[in-house]
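Architecture at a glance
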Amino acid sequence: MATIQSCFEQIRGRGLRVVFPEARDERIVAAARRLHDERLATAILVEDPQSSDRLDAYAGLYLEGRPEVNPNVARRLATKPLFHAGLMLKAGDADAMVAGVAHPTARVLEAGMLTIGLAPGIDTPSSFFLILAGGRALVFADCAVNADPSAEEIADIALASAESYRRLLRDEPRVALLSFSTKGSAKHARVDKMVRALALARVRAPGLAIDGELQADAALVPAIAARKLKEIGDVAGRANVLVFPDLDAGNIAYKLVQHLGGAQAIGPILQGFAKPLSDLSRGASVDDIVATTAILLAQV
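Residues numbered from 1 in each chain as written. Predicted model: local features only at pLDDT ≥ 70, side-chain atom pairs only at ≥ 80, totals over all residues. Heavy atoms only, no water.

**Examining the nonpolar core**
Of all hydrophobic cores here, the largest spans 53 residues; its most connected members are Val175, Leu177 and Ile295. Here the element with the most residues in this core is helix H7 (residues 151–169); it accounts for nine residues. Every residue in contact with isoleucine 295, bar those within four places of it in the chain, is listed here: Ile4, Cys7, Phe128, Leu130, Leu168, Ile266 and Ile269. By size, the runner-up hydrophobic cluster in this structure holds 27 residues, among which are Ala85, Leu89, Val108 and Leu109. (Core = buried A, V, L, I, M, F, W, Y, C linked by side-chain atoms within 4.5 Å. Buried < 20%, exposed > 50% of the residue type's maximum accessible area, 1.4 Å probe, protein only. Helix = DSSP H or I, 4+ residues; strand = E, 2+ residues; numbered from the N terminus. Contact = heavy atoms within 4.5 Å.)

Here is the structure:
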């Protein structure tokens, strides 16, 4: 909870604006009220996009990025709450967008891709969970979006996750690319994928502390890293960003540490977009919505 409180203090009183396109959900209304009452953010509820005096401007903004689209289609899209909120964010009329209590992740991603777009140098949108356990704050990725990422996509996920960690926790990331193998202890195409992802990430971010392939214990426990590796380096035993080889591993891992290990798992928070955007579980509580919003805005 100290990490969440830190996020609250980072954003309190700054006048940051978050847009919620699912204004009819009572949890969103309650979260918006709490954000206001605690001076954390100004919540913008998208209730009736068709009556917005910015509708034509947002349709025009959509056309700027997609000039091949029929203007009538652009205007119709701008009346849809998810797209309207995304265009509001793109226009600078909001600082972040939070959605997902009434829409599946795929629809939130679609709206984000078609309105906000991806950050420079990133080709793969992804997600992370902030895991708070045993006095540690870790980023787990990708746990919600990419089912079977390629080496190139793993590299994208690793770089986006490192930046998310840096912005959120104001500390330097140490990124571990996870596998069932540690530095060649097993041979398999899945191991090769993580080795290639490491090489790609190091070319793109030569100053980043990143290593792999590592088993989870070698990534997290110094004594085990010392036994398994000849050269430990800056990451093994000290990793704070864990990048999983596929969605099976990531999704299972965060739920195990949450439900068996007693960790707090906050997310999924989308990453790789040009501006702050987050998904929510459709079972999210008011506390979850407020915490996710704070984490998102703390990166602004």
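There is more to say after this.
**Section: unusual backbone geometry**
Of note, the amide linkage connecting alanine 141 to aspartate 142 takes the cis form, showing an omega dihedral of -10°. Residue position: aspartate 142 is located in the loop between strand S5 (136–141) and H7. The residue after glycine 267, namely proline 268, is reached through a cis peptide bond having omega 0°. Structurally, the position occupied by proline 268 is in strand S9 (residues 264–271). Positive phi is not limited to glycine here, since arginine 39 has a value of about 55°. Tracing the backbone through its elements, the reader meets arginine 39 in the loop between helix H2 (26–37) and strand S2 (42–45). A positive phi angle, near 55°, is found at arginine 170, a position not held by glycine. If you trace the backbone, arginine 170 turns up in the loop between H7 and strand S6 (174–178).

**A look at the sheet that holds strand S8 (residues 241–243)**
Strand order in the open sheet formed by six strands is S7-S6-S8-S5-S4-S9, with mixed pairing between adjacent strands. Either end of the sheet is taken by a strand with one partner, and the two such strands are strand S7 (209–214) and S9. Across the sheet, the mean angle from the axis of one strand to that of its neighbour is 20°, orientation sign disregarded. Where S6 meets S7, five bridges bridge the pair, whose relative direction is parallel. Each bridged residue has a counterpart across the sheet, and for leucine 177 the counterpart in S7 is glycine 212. This element, helix H12 (residues 286–297), spans strand S4 (126–133) and S9 of the sheet and lies at about 50° to S9. (Pairing = 2+ DSSP bridges. Axes fitted to C-alpha atoms, helices over the stretch in contact; angles between N-to-C directions.)

**Some thoughts on the packing of aromatic side chains**
Going through the model one piece at a time under the given rule, you end up with two aromatic pairs. Ring geometry for phenylalanine 129 against tyrosine 254: centres 3.8 Å apart, planes inclined by 20°, an arrangement best described as stacked. Here phenylalanine 129, found in strand S4, pairs with tyrosine 254, found in helix H11 (residues 247–259); they are 125 residues apart in sequence, far enough to count as distant. Tyrosine 254 shares its class with phenylalanine 129; the two are buried. (Phe/Tyr/Trp six-rings, centres within 6.5 Å; stacked < 30°, edge-to-face > 60°.)

**Considering the sheet that holds S2**
Across the sheet, four strands lie side by side as S2-S1-S3-S10; this open sheet has parallel pairing. Of all strands in the sheet, those bounded by a partner on one side alone are S2 and strand S10 (277–279). Looking at each pair of strands side by side, their axes are set apart by 25° on average, direction ignored. Bridging between strand S1 (residues 17–20) and S2 involves four bridges; their strand directions are parallel. In the sheet register, valine 18 faces S2, and the bridge partner there is alanine 43. In the packing of helix H5 (residues 81–91) onto the sheet, the strands contacted are S1, S2 and strand S3 (96–99), and the crossing angle to S3 comes to about 160°.

**Describing a nonpolar patch on the surface**
A cluster of nonpolar side chains, namely Ile252, Leu256 and Leu260, defines an oily patch on the protein surface of about 330 Å² accessible area. Structurally, the position occupied by isoleucine 252 is in helix H11. (Patch = residues over 30% accessible without salt bridge, like charges linked within 9 Å, V, L, I, M, F, W, Y side chains within 5 Å. Areas by Shrake-Rupley, 256 points an atom, 1.4 Å probe, with all protein chains shown as cover. Salt bridge = Lys/Arg side-chain N within 4 Å of Asp/Glu carboxyl O.)

**Brief notes about the side chain of glutamate 22**
If you trace the backbone, glutamate 22 turns up in the loop between S1 and H2. The buried charged residue glutamate 22 lacks any salt bridge, with arginine 27 as its nearest oppositely charged partner at 7.2 Å. Reaching out from glutamate 22, the side chain makes a polar contact with the backbone nitrogen of glycine 100 at a distance of 2.9 Å. Separated by 2.7 Å, the side chains of glutamate 22 and histidine 103 make a polar contact. (Lys, Arg positive; Asp, Glu negative; His and termini not counted. Polar contact = N/O pair within 3.5 Å; in protein donor to acceptor, adjacent residues only side chain to side chain.)

**Comments concerning the pairing of S7**
Counting buried residues along S7, five of its six residues qualify, which places the element largely inside the surrounding structure. Regarding topology, helix H8 (residues 189–204) serves as the crossover connection from S6 to the parallel S7, and that connection is right-handed. (Right-handed = clockwise from strand over helix to strand, strands pointing away.)

**Some points on the packing of helix H3 (residues 55–65) against H5**
Taken N-terminus to C-terminus, the directions of H3 and H5 make an angle of 80°; their axes are 10 Å apart at the nearest point. Classified by the angle between their axes, H3 and H5 sit roughly perpendicular to one another. Contacts from Leu55, Tyr58, Leu61 and Tyr62 of H3 reach H5 at Phe83, His84, Leu87, Met88, Lys90 and Ala91. Of the residues belonging to the contact of H3 with H5, the class tally is eight nonpolar, one polar and one charged. (Parallel < 35°, antiparallel > 145°, perpendicular 65-115°, else oblique. Nonpolar A, V, L, I, M, F, W, Y, C, P; charged D, E, K, R; others polar.)

That's the geometry; what it means functionally is another story.
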